[in-house]
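Breakdown of the fold
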Amino acid sequence: MNGAGRAIRLFFLPELRVGFFIRAGLVGLCASLFFGYACLPFWVQGGSMEPAYRQGDFHFCWRGRYLFSEPKRFEVVNVRFAGSRVMLLKRVVALEGEEVEFRDGILYVNGEEIEERYVRYRGDWNLPPRRVEKGNIFVVGDNRGVALENHYFGQTSRKRIIGGPLW
Amino acid sequence: MVKGKWLGVFLIAAIGVLAAVFLLPGEEKKVRKQISLLGRYVSKDEGEKILTMAGKMKDLESLFAESCRVAAPPYSLAGDFSRAEVANLAARARFHFTHLSLTFHDLTVSFPNPETAEVVLTGEVKGQSSRGESVQEVREIDCVLKKQEGRWLFNKWEIVEVLKR
């Protein structure tokens, strides 16, 4: 067998030596650290972010996104609960100190109408103005076809934003 | 020969210590078990019989202290409730579902003192309402359990407002 053939055979059928197990262990450890803490895989459940993120979609939450920067308006973020096993996926629509409201389904921030191109299913939401508290951001799902009462949205602490989807 | 004997003793002792650590229920394990039981008693299978429901509600009562502080702002519910009242609330909530499962994730247990356990967790309810709609709700919950006669009983159950309108 020539050199290339042997290399291919060893790649797919490696010899089970101590070195192989050490390499395999290291790869497993690195993967588990990377996907357990830095880049969390998650499935989308529910349709609150449709059409951008649909039920059953598979994504990764990149936890490094907001280590050195702050979330900006229109960015999609992951909001944690007690941990990162179950998270919310929402879009930032207003930042700390801003006044946010909905009138007939249109978003207003500081009294100005905000164009939201990502919203396809627009409802007739009406939400009186409210100011986003210090250290908080205001997040909403893209699917406004859901009744206001049944849509989980509002302001949350910046500390709960653990990252954003990779794509 | 003597060396081998001591090695055997050491191995047996090490296995004993490991077994004690992993098999004997520590306080945290006991607390986690109470939470898992709560999930099991609240969950409901499709076509559940009335007797089963009554049994589960009785078991649910036994997980709570004489009085439990409940705060659930999304459902406009707050106050001190007796065991029976908590079970009654759960029974009424279950009535609106044909089936439901209550599971808990990301539990963090701390013991500010030996008689008190504070737990932060994520609770997830999935099921189908009696009107045929799929229901999925996730909430963060702060709870406190007090140790009474060797048993950990729920003393406080509070839903944290992660998103505040």
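Scope of this entry: the structure provided in the associated data block.

Thresholds, definitions, all that
Residues numbered from 1 in each chain as written. Chains lettered and ligands numbered in written order. Predicted model: local features only at pLDDT ≥ 70, side-chain atom pairs only at ≥ 80, totals over all residues. Heavy atoms only, no water. Helix = DSSP H or I, 4+ residues; strand = E, 2+ residues; numbered from the N terminus. Rg over C-alpha atoms; globule rule 2.2 N^0.38 Å. Buried < 20%, exposed > 50% of the residue type's maximum accessible area, 1.4 Å probe, protein only. Areas by Shrake-Rupley, 256 points an atom, 1.4 Å probe, with all protein chains shown as cover. Lys, Arg positive; Asp, Glu negative; His and termini not counted. Charge placed at Lys NZ, Arg CZ, Asp CG, Glu CD. Core = buried A, V, L, I, M, F, W, Y, C linked by side-chain atoms within 4.5 Å. Contact = heavy atoms within 4.5 Å. Pairing = 2+ DSSP bridges. Axes fitted to C-alpha atoms, helices over the stretch in contact; angles between N-to-C directions. Salt bridge = Lys/Arg side-chain N within 4 Å of Asp/Glu carboxyl O. Disulfide = S-S within 2.5 Å. Phe/Tyr/Trp six-rings, centres within 6.5 Å; stacked < 30°, edge-to-face > 60°. Lys NZ or Arg CZ within 6 Å of the ring centre and 35° of its normal. Parallel < 35°, antiparallel > 145°, perpendicular 65-115°, else oblique. Left-handed = near helix turned anticlockwise from the far one by under 90°.

Let us look at the overall build of chain B. Within chain B, the secondary structure is distributed over 4 helices and 6 strands. Taken from N to C terminus, the helices and strands of chain B fall in the order α-α-α-β-β-α-β-β-β-β. The C-alpha radius of gyration of chain B comes to 20 Å, more than 25% above the 15 Å expected for a compact globule of 165 residues. By principal-axis analysis of the C-alpha atoms, chain B measures approximately 75 × 35 × 30 Å. Taking all 165 residues of chain B together, the buried fraction comes to 35%. With an accessible surface of roughly 10,000 Å², chain B has 61% of that area assigned to carbon and sulfur atoms. With 24 positive and 21 negative side-chain charges, chain B shows a spacing of 5 Å between the two charge centroids.

The nonpolar side chains of soluble globular proteins are, as a tendency, buried together. Ranked by internal contacts, the top residues of the largest apolar core, which has 33 residues, are Leu-60, Val-119 and Phe-154 of chain B. Discounting residues that sit within four places of it in the chain, Val-119 of chain B has contacts with Val-31, Ile-35, Leu-107, Thr-108, Val-109, Ile-141, Asp-142, Cys-143 and Leu-145 of chain B. Listed in part, the 16 residues of the second largest apolar core include Ala-94, Leu-107, Ile-114 and Trp-125 of chain A.

Turning our attention to the sheet that holds strand E7 (residues 112-114) of chain A. Residue and element names in this part refer to chain A. Spatial ordering of the open sheet is given by E7-E6-E5-E8, a layout of 4 strands whose pairing is antiparallel. Of all the strands in the sheet, the pair left with one neighbour each is E7 and strand E8 (127-131). The mean angle between the axes of side-by-side strands here comes to 25°, regardless of whether they run parallel or antiparallel.

By the definition in use, this model includes 23 salt bridges over all chains. Among the salt bridges present, the one from Arg-103 of chain A reaches Glu-101 of chain A, with a minimum N-O distance of 3.2 Å. Look at Arg-103 of chain A and you get partly exposed, because its relative accessible area is 37%. Residue classification places Glu-101 of chain A among the buried residues on the basis of a relative accessible area of 11%. With its nearest N and O atoms 2.9 Å apart, the salt bridge here joins Asp-80 of chain B to Arg-69 of chain B.

Across a sheet, paired strands are connected by hydrogen bonds in the backbone, their directions being either parallel or antiparallel. Residues and elements named next belong to chain B. Taken together, the 6 strands give an open sheet; going across it, the order is E2-E1-E6-E5-E4-E3, and neighbouring strands pair in mixed fashion. Unpaired on one side and paired on the other, strand E2 (77-82) and strand E3 (97-113) mark the two borders of the sheet. For this sheet, the mean inter-axis angle between neighbouring strands, taken without regard to orientation, is 20°. Running over the sheet, helix H2 (residues 27-42) touches strand E1 (64-72), E3, strand E4 (116-129), strand E5 (134-148) and strand E6 (151-160) and is turned about 165° from E3. Contacts between helix H4 (residues 83-95) and the sheet are confined to E1, E2, E3 and E6, with E2 contributing the most and set at about 125° to the helix.

Another aspect to go through is the state of the cysteines. Across all of its chains, the model carries 0 disulfides over all chains by this definition. Cysteine Cys-61 of chain A is unpaired, with the sulfur of Cys-39 of chain A as its nearest cysteine sulfur at 7.8 Å. The exposure class assigned to Cys-61 of chain A is buried, which follows from its relative accessible area of 0%. Free of any disulfide, Cys-143 of chain B has its nearest cysteine sulfur in Cys-68 of chain B, 8.8 Å distant. The exposure class assigned to Cys-143 of chain B is buried, which follows from its relative accessible area of 2%.

Another aspect to go through is the packing of aromatic side chains. Considering all chains together, one arrives at 17 aromatic pairs over all chains under this definition. Here the aromatic rings of Phe-154 of chain B and Trp-157 of chain B are separated by 5.5 Å at their centres, their planes lie at 85°, and the arrangement is edge-to-face. Each of the two residues, Phe-154 of chain B as well as Trp-157 of chain B, counts as buried. Among the aromatic residues, those joined into a ring-pair cluster are Phe-34, Phe-35, Trp-43, Phe-58, Phe-60, Trp-62 and Trp-167 of chain A. For the cation-ring pair, Arg-91 of chain A lies above Tyr-118 of chain A, with the distance from its terminal atom to the ring centre recorded as 3.9 Å. Between Arg-103 of chain A and the ring centre of Tyr-108 of chain A, over which it is positioned, the NZ or CZ distance is 3.9 Å.

Residue and element names in this part refer to chain B. It is at 9 Å that the axes of helix H3 (residues 50-61) and H4 come closest, and there the two elements cross at 140°. In terms of their interaxial angle, H3 and H4 are classed as oblique. As H3 packs across H4, the resulting crossing turns out to be right-handed. Note on element contacts: H4 touches H3 through Arg-83, Ala-84, Ala-87, Ala-90, Ala-91 and Arg-94, opposite Met-53, Lys-56, Met-57, Leu-60 and Glu-61.

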